[in-house]
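Spelled out from the first residue to the last, the chains are:
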Amino acid sequence: MTGSTGLILSGGGARTAFQVGVLKAINEWINKKECPFNVISGTSAGSINAAYLAANADDFNNAVMTMVRMWGGLTTRQVYKSEIISINHIKTLLNVFNHLRKGLDQTNSILNATPLAKLLSEQIEFDRIQHCLNKGYINSLAITATNFQHTMSTTFVQSNKNINWERVRRTGVYEKIKVKHLMASTAIPFLFSPVKIKKEFFGDGSLRNFAPFSPAIRCGANKLIVVGIRSLKSTSVKHKKKISFGDIFSKILNTILFDSLDVDHERLLRINDTIKNNQNSSSLKPIQSVIIRPSIDCLELVREFDYECPMILKQLLRLIGSKNNSNDLRSYLMFEPGYLNALIDQGYKDATNQKDEIIGLLNQ
């Protein structure tokens, strides 16, 4: 393998299990123990997979198999809970009223991600990230979050190189990656509380992530394996007489978690074409890339596992008025084994369909 290969993992809550299936397929194809990626970049829930791989880059096979087991056995109660939502709908409404009565400045989220923080602390040995960097198993780990104070995308980079950057509304800074960075990157606004890092508050990395390829490229990658969680398949439009608050909230969440992979990929291809046509006048070098994404609509997939929907999620959907039109939210927030394993299987299948393309890039 020549050059530097980057792995880019976007975010999407529970949908992120799809990435594990892709990694499972790649793990079966490569003939080496160490991680095949020099640079690993993660955003939102993708940051969790990125950090776990980086901490176990010296044994890629075992890391991927462990991720398959962890994601395949995950439950919603291991990810979030709520002091507001109750099994009893009337009690839930009363809790909401009491929180409003105390003042909106006392509440900034509906859900509590403490269980996820505990899980990450138990499952990821963060000190091993530096060990793997020192031994050369990887060169850089990049985790992207959104700085609420400055309204800009911030990428925390742990690397064996001196890497930082400052661009319009995005910056890269050196940090030793810990639980707080992953919790910041996954903190979806309104649903989860922002995370304080060095006196500033950070939230979900997808919010202002207009250039998702940039962190990996700035860390030295010239070949990219990109795993998205959005299908190019269009969802059928249903005409309604009225639109509920829950419908609006679902669309807002979709917008918040919208990744710009396709936009950035189009930009990358255009730059590659410019370089090709101006070989003698550009200091830029072409970047090769492969994007793997679901070939099916996740909304259709989650509908098959409606029976798994936990009570806390049912009550949340009822609270925001999205009880009957909730597949958007459910596809992001339902962390249950049947659905997650189906996503893993889909990731494996879709990666296999692009096997020659993926192997070709890894072997360049």
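What this report covers is the structure whose coordinates are included nearby. The structure displayed is predicted, hence computed values, not measured ones.

1. Side note on the environment of D328
Logical step 1: Relative to the elements of secondary structure, D328 occurs in helix α13 (residues 327-333).
Logical step 2: We classify D328 as buried; its relative accessible area is 11%.
Logical step 3: Separated by 26 residues in the primary sequence, D328 and V302 have C-alpha atoms spaced 8.9 Å apart.

2. Some thoughts on the pattern of salt bridges
Logical step 1: Considering all chains together, one arrives at five salt bridges under this definition.
Logical step 2: For E122, the salt bridge identified is with K118, shortest N-O distance 2.6 Å. Of the two residues, E122 and K118 are both situated in helix α5 (residues 114-123); the distance of four residues between them amounts to about one turn of the helix. A single burial state applies to E122 and to K118, both of which are exposed.
Logical step 3: For K198, the salt bridge goes to E175, with nearest N and O atoms at 2.8 Å. Remark: E175 occurs in the loop between β6 (170-174) and α7 (179-185) and K198 occurs in the loop between β7 (195-197) and β8 (200-203); sequence separation between them is 23 residues.

3. Focus: the pairing of strand β9 (residues 223-227)
Logical step 1: The buried fraction of β9 amounts to five of the five residues, a majority that puts the element mostly inside the structure.
Logical step 2: The two faces of β9 match: K223, I225 and V227 on one face and L224 and V226 on the other face are all buried.
Logical step 3: Taken together, the five bridges between strand β1 (residues 5-9) and β9 define a ladder with parallel strand orientation. Bridging across to β9, L7 finds its partner in I225.
Logical step 4: By the bridge criterion, five bridges tie β9 to strand β10 (residues 288-292) in an arrangement that is parallel. Note that in β10 the partner of L224 across the bridge is S289.

4. Notes on empty space enclosed by the protein
Logical step 1: Under the definition given, this model contains two cavities of 30 Å³ or more.
Logical step 2: Approximately 50 Å³ is the volume attributed to the largest cavity.
Logical step 3: Around the largest cavity sit S153, T155, W165, R170, T171, N209, A211, S214 and P215, which together line it.
Logical step 4: For the lining of the largest cavity, the elements supplying multiple residues, two or more each, are β4 (152-159), β6 and α8 (214-218).
Logical step 5: Its residues assigned to classes, the lining of the largest cavity shows three nonpolar, five polar and one charged.

5. Let's talk about the side chain of E308
Logical step 1: Relative to the helices and strands, E308 is located in the loop between α11 (298-303) and α12 (311-319).
Logical step 2: A polar contact of 2.9 Å, which involves the side chain of E308, links it to the backbone nitrogen of Y339.
Logical step 3: In this structure, E308 is in contact with M334, E336, P337, G338 and Y339, ignoring residues within four places of it in sequence.

About the cut-offs
- Residues numbered from 1 in each chain as written.
- Predicted model: local features only at pLDDT ≥ 70, side-chain atom pairs only at ≥ 80, totals over all residues.
- Heavy atoms only, no water.
- Helix = DSSP H or I, 4+ residues; strand = E, 2+ residues; numbered from the N terminus.
- Buried < 20%, exposed > 50% of the residue type's maximum accessible area, 1.4 Å probe, protein only.
- Salt bridge = Lys/Arg side-chain N within 4 Å of Asp/Glu carboxyl O.
- Pairing = 2+ DSSP bridges.
- 1 Å grid on protein atoms, 1.4 Å probe; cavity = no way out; pocket = protein on both sides within 12 Å on 5 of 7 lines; lining within 4 Å.
- Points joined across faces, edges and corners; volume = space filled by probe spheres on them.
- Nonpolar A, V, L, I, M, F, W, Y, C, P; charged D, E, K, R; others polar.
- Polar contact = N/O pair within 3.5 Å; in protein donor to acceptor, adjacent residues only side chain to side chain.
- Contact = heavy atoms within 4.5 Å.

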